[in-house]
Amino acid sequence: MTFAVMLLIVGGFLLGGAYSIWKADSETKGRTGPQVAFAVLLLVAAVLATVSGVLRLV
């Protein structure tokens, strides 16, 4: 059960990182392509970690 909780915590941190990168846009240029790509990558990793943590709890 401890590994599942660790996966949920890692998923939360990754989700927070994705949100932080998404909100860190320039006022003049907006979001850049690499910024969007990295935010999406972190979001996918967060979803995978969270879902695997929930499945390990079940």
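About the thresholds
Residues numbered from 1 in each chain as written. Predicted model: local features only at pLDDT ≥ 70, side-chain atom pairs only at ≥ 80, totals over all residues. Heavy atoms only, no water. Helix = DSSP H or I, 4+ residues; strand = E, 2+ residues; numbered from the N terminus. Buried < 20%, exposed > 50% of the residue type's maximum accessible area, 1.4 Å probe, protein only. Contact = heavy atoms within 4.5 Å. Areas by Shrake-Rupley, 256 points an atom, 1.4 Å probe, with all protein chains shown as cover. UniProt positions renumbered as here; feature names shortened; annotations may be inferred. Expected span 1.5 Å × (residues − 1). Phe/Tyr/Trp six-rings, centres within 6.5 Å; stacked < 30°, edge-to-face > 60°. Lys NZ or Arg CZ within 6 Å of the ring centre and 35° of its normal.

A word on the overall build of the protein chain
Next up, step 1: Scanning the protein chain for helices and strands turns up two helices and zero strands.
Next up, step 2: Along the three orthogonal principal directions, the C-alpha set of the protein chain runs to about 45 × 15 × 10 Å.
Next up, step 3: Sorting the 58 residues of the protein chain into buried and exposed places 17% on the buried side.
Next up, step 4: In the protein chain, 69% of the contacts between residues at least 6 apart in sequence involve partners at least 24 apart.
Next up, step 5: Within the structure as shown, the protein chain displays about 4,300 Å² of accessible surface, and the carbon and sulfur contribution to it stands at 74%.

Topic: the environment of Val5
Next up, step 1: Counting through the fold element by element, Val5 comes out in helix α1 (residues 2–23).
Next up, step 2: Between the C-alpha atom of Val5 and that of Val40, which follows or precedes it by 35 residues, the distance is 23 Å.

Re the UniProt feature "transmembrane region" (unreviewed entry) in the protein chain
Next up, step 1: UniProt records the feature "transmembrane region" (unreviewed entry) for residues 36–55 in the present numbering.
Next up, step 2: Here residues 36–55 runs as 100% helix and 0% strand, with 28 Å between its end C-alpha atoms.

A few points about helix α2 (residues 33–57)
Next up, step 1: Look at α2: 36 Å from first C-alpha to last across 25 residues, which is about the 36 Å you get at 1.5 Å a residue.
Next up, step 2: Among all positions of α2, only Gln35, Ala39, Leu42, Ala46, Ala49 and Gly53 are buried.
Next up, step 3: The elements touched by buried residues of α2 are α1.

Here we look at the packing of aromatic side chains
Next up, step 1: All told, the structure shown has zero aromatic pairs when counted by the stated rule.
Next up, step 2: The residue whose ring lies beneath Arg31 is Trp22, and the NZ or CZ to ring-centre distance is 3.9 Å.

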